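Each chain, letter by letter, is given below.
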Amino acid sequence: GRDIAYDMLLGDFQQDSAAEFRNIGRAMGICDAATDHPGLLKLLARMSQELTKHPTQDAGITRMHDVHTDAMREAKHCDVLAGWMRSDPACAAWLESGASPESNALL
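Note that the structure is a prediction, hence the values are computed from the model and not measured. (Residues numbered from 1 in each chain as written. Predicted model: local features only at pLDDT ≥ 70, side-chain atom pairs only at ≥ 80, totals over all residues. Heavy atoms only, no water.)

Caption draft 1: Structural view of a nonpolar patch on the surface. Nonpolar side chains collect at one region of the surface, where I4, L106 and L107 lie side by side and expose about 310 Å² of accessible area between them. With respect to the helices, strands and loops of the structure, I4 is situated in the segment before α1 (10-15). (Patch = residues over 30% accessible without salt bridge, like charges linked within 9 Å, V, L, I, M, F, W, Y side chains within 5 Å. Areas by Shrake-Rupley, 256 points an atom, 1.4 Å probe, with all protein chains shown as cover. Salt bridge = Lys/Arg side-chain N within 4 Å of Asp/Glu carboxyl O. Helix = DSSP H or I, 4+ residues; strand = E, 2+ residues; numbered from the N terminus.)

Caption draft 2: Spotlight on the packing of helix α2 (residues 17-27) against helix α4 (residues 38-52). Running from N to C, α2 and α4 point in directions that differ by 105°, and their axes come no closer than 10 Å. Classed by the angle they form, the pair α2 and α4 counts as roughly perpendicular. Listed contacts from α4 to A18, F21 and R22 of α2 are L41, L44, A45 and S48. Broken down by class, the residue content of the contact of α2 with α4 amounts to 5 nonpolar, 1 polar and 1 charged. (Axes fitted to C-alpha atoms, helices over the stretch in contact; angles between N-to-C directions. Parallel < 35°, antiparallel > 145°, perpendicular 65-115°, else oblique. Contact = heavy atoms within 4.5 Å. Nonpolar A, V, L, I, M, F, W, Y, C, P; charged D, E, K, R; others polar.)

Caption draft 3: The arrangement of the packing of helix α7 (residues 79-86) against helix α8 (residues 89-96) in detail. Across the interface, α7 lies against α8 with an axial gap of 6 Å and an inter-helix angle of 125°. Classified by the angle between their axes, α7 and α8 sit oblique to one another. Contact with α7, carried on its side by A82, M85 and R86, involves C91, A92, W94, L95 and E96 of α8 and no other residues of that element. Looking at side-chain class alone, the contact of α7 with α8 contains 6 nonpolar, no polar and 2 charged residues.

What follows is the structure in structure tokens.
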């Protein structure tokens, strides 16, 4: 496998998508002229909006799913996954940090 070049939190993307597009591009080795280009950033923003309108419909592309309500989590037994993650110290630290890249043991 390869190293993870950049780990983005959804909350960071929601706060400033243009900054996250720049960070992703730079992690991929794309030049500053492209990652700072307003037209390209606008195109990427519109593309991401289209892809996220129906996350379950486009799951093959986005690998996203709807945000689960508490009732959905209970019905799908998502608490089992959290329990497994808490049993591993590295996973538990990442989980409890809110998925912070700084707490990701693989980075």
